Amino acid sequence: MDFDKDGITDIISGSYDPGDIYLIRGLGKGEYAAVESILDEAGVPLVHHPVPMARYTAWQKKQAAAEGESNGDDADDDAEDDEVDSDEAGSGAIDEAGGDADPKRADAEAGDPAENAYTDDEQIQDRVASFGSWPEAIDWDNDGDLDLLIGSFGGEVWLRTNVGERSKPVFPHDSVRLEGDGGPIKVHGHADPVAADWDHDGLWDLVVGSDVGQVGWYRNLGKPSEPRFGLFEELVPAVAGMKFFPQTIAPGELPKPGARKQICVVDYNGDGWLDLIAGDHSDLKVTRELTDEEVAEQDAEQKVIDELAGELKPLGYEGEEGKRRQALMTRLFELDDAFNKKYFVEARTASFVWLYLRQPGEGGDVPSSTETQPETENAPDGSRPADGDTDSRDAEQGENDRLTFAAESFGPEQVQFAVRIVPDPDDPAALRLDVRAELKGGWHLCAPSSGTDDSADSGNQSTTVLLKLPDGFATVGAMQCPAGEPDPHTRRTRIIAGRAAWQQALRREAVSDGEATVVVTIGFQVCNDQFCLPADTLTIPVTIPD
């Protein structure tokens, strides 16, 4: 994605520890700059829980400064500067967040660790609060810049709004938890949000993966500048009750989809429906044939391991309990390793990539998903439903559902254009010129530029329709053009897929001598998800009926 709008692809990445959001700027020609952490305006890493992060960071700086003083460092002034900096970047931002009781604000009960007892457990809680981040860049408020949605370890999705510009983003210290009609947007854990127009209505929806292997979506019921989400609708069922999913299979047996779904939403087979690609995680064991005696030994050893794991659960991390926990953990790892080597051909963590091809459903506008692997043959192609944008439908779609209204159509293999002129039976001087386009599945055009999207900045040509009228004819009003739908990849650019129509009212102002012809010139560029064909122009003469 082009994060800073310089025309070069960048990479945005979340992280497990510490949960920072990282930017890897593209330099062009396949080269990238060094990794940098995105910061908010308070100088705190752009995480989903900024208040605990700021508190822990401030405490770290104060500790480093205190250690420097106790060691008799010569850089006393630097240490003092560090203390001032930590107050400015930490306590000031924390106090601002702590003074707001709005439950949507992240962790409102912030305090200054320098003025309160800051226990080891509190340090750990603040340290891990922002662990696990799954970012998605999207223009949340339709103001032309990119905001960030961040999925969290706990399953919530948080919004960090950009109040700056696309090329110079500025993120306030606030982190706002997303809510829908059913309350806070939340999956079981490891929320991986993706913005995509799942229902083809022109608004991006929220598709979310989770730690238990479940994937679902929240329909966007709002407006382009004010998203509002409905209830959670399941797409892929959960496979586990937690983030760990043990699988035991026989040699040669294929595994099943696992937990921790990390998702990508894309039209994989070019049929006009968005599909799911999902990575997963499993604790995979491949069995070997055991004797009855070995089975009994295995059951007994498994019982010991389970009992040991049960002893760990109530133990804390500090003092004697912490030491006891560490000793038990070491012993548990040793037993588990020996157990796996003794009874299994292979035991390891494993991740696979799964493809869920979407199939047209029976009744309803959301098709079902069928689970396959990318290496297997694709399911049969399905037809794309009617475009949800009513502006791109012809007023007489029942009479002329496809490009059958012209004697011939024009254009390359990927898109066909046809043109006709229809007289008004009630007014001999009134006419209507229709231009229709029909695209093959997986291909699209850039919608006519409205002045509110980035089509011109995308490097691709917007579709234009120009008319050259003969003497004695004039246009009436503006041409009606298809609005298109947001490109699921760039969000801001609007595209035309499937079928679309342009209409222009004409009026005969004088009787012409002989046959009159309108020359229609169509400028366009046809693209798929991977590349665009060269820009092209069609010139189509159309005879005006008497």
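First, a word on scope: everything that follows refers to the structure included in this document. (Residues numbered from 1 in each chain as written. Predicted model: local features only at pLDDT ≥ 70, side-chain atom pairs only at ≥ 80, totals over all residues. Heavy atoms only, no water.)

It is worth spelling out the overall build of the protein chain at this point. Within the protein chain, the regular secondary structure consists of 5 helices and 32 strands. Here the protein chain, with 546 residues, has 45% of them falling under the buried criterion. Surface accessibility of the protein chain: about 27200 Å² in total, with carbon and sulfur atoms responsible for 49%. (Helix = DSSP H or I, 4+ residues; strand = E, 2+ residues; numbered from the N terminus. Buried < 20%, exposed > 50% of the residue type's maximum accessible area, 1.4 Å probe, protein only. Areas by Shrake-Rupley, 256 points an atom, 1.4 Å probe, with all protein chains shown as cover.)

A word on the sheet that holds strand 12 (residues 192-196). If you trace the 4 strands from one edge of the open sheet to the other, you get 12-13-14-15, paired in antiparallel fashion. If you trace the sheet from one side to the other, it starts and ends with strand 12 and strand 15 (229-236), each paired once. The mean inter-strand angle of the sheet, taken between neighbouring strand axes irrespective of direction, is 25°. Pairing analysis gives 4 bridges linking strand 13 (residues 205-209) to strand 14 (residues 215-220), with the strands arranged antiparallel. Across the sheet, residue L206 finds its bridge partner in strand 14, namely Y218. (Pairing = 2+ DSSP bridges. Axes fitted to C-alpha atoms, helices over the stretch in contact; angles between N-to-C directions.)

With 21 residues, helix 4 (residues 292-312) extends 31 Å from end C-alpha to end C-alpha; this agrees with the ideal 30 Å at 1.5 Å per step. Packed against the buried residues of helix 4 are helix 5 (319-343) and strand 19 (344-350). (Expected span 1.5 Å × (residues − 1). Contact = heavy atoms within 4.5 Å.)

Moving on, we get to the pattern of salt bridges. Scanning all chains against the criterion turns up 19 salt bridges. Where R55 meets D126, a salt bridge forms, and the shortest distance between an N and an O atom there is 2.6 Å. Within this pair, whereas R55 is found in helix 1 (residues 50-70), its partner D126 is found in helix 3 (residues 120-128), the two being separated by 71 residues in sequence. With respect to burial, R55 and D126 carry one shared label: buried. Beyond isolated ion pairs, a larger network of salt bridges with shared partners links D4, R25 and E36. (Salt bridge = Lys/Arg side-chain N within 4 Å of Asp/Glu carboxyl O.)

Below, the discussion takes up the sheet that holds strand 24 (residues 444-446). A sheet is described by the order of its strands in space; here 4 strands give the open sequence 27-28-24-31, paired in antiparallel fashion. The sheet terminates laterally at strand 27 (485-486) and strand 31 (526-527), the two strands that pair on one side only. Judged from the 2 bridges that link them, strand 24 and strand 31 form a sheet pairing that is antiparallel. Opposite L445, over in strand 31, you have V526 as the bridge partner.

Applying the stated rule across the entire model yields 11 aromatic pairs. Grouped by ring-pair contacts, the aromatic residues Y16, F131 and F153 constitute a single cluster. Above the plane of the ring of W198 lies R358, whose end atom (NZ or CZ) is 3.7 Å from the centre. (Phe/Tyr/Trp six-rings, centres within 6.5 Å; stacked < 30°, edge-to-face > 60°. Lys NZ or Arg CZ within 6 Å of the ring centre and 35° of its normal.)

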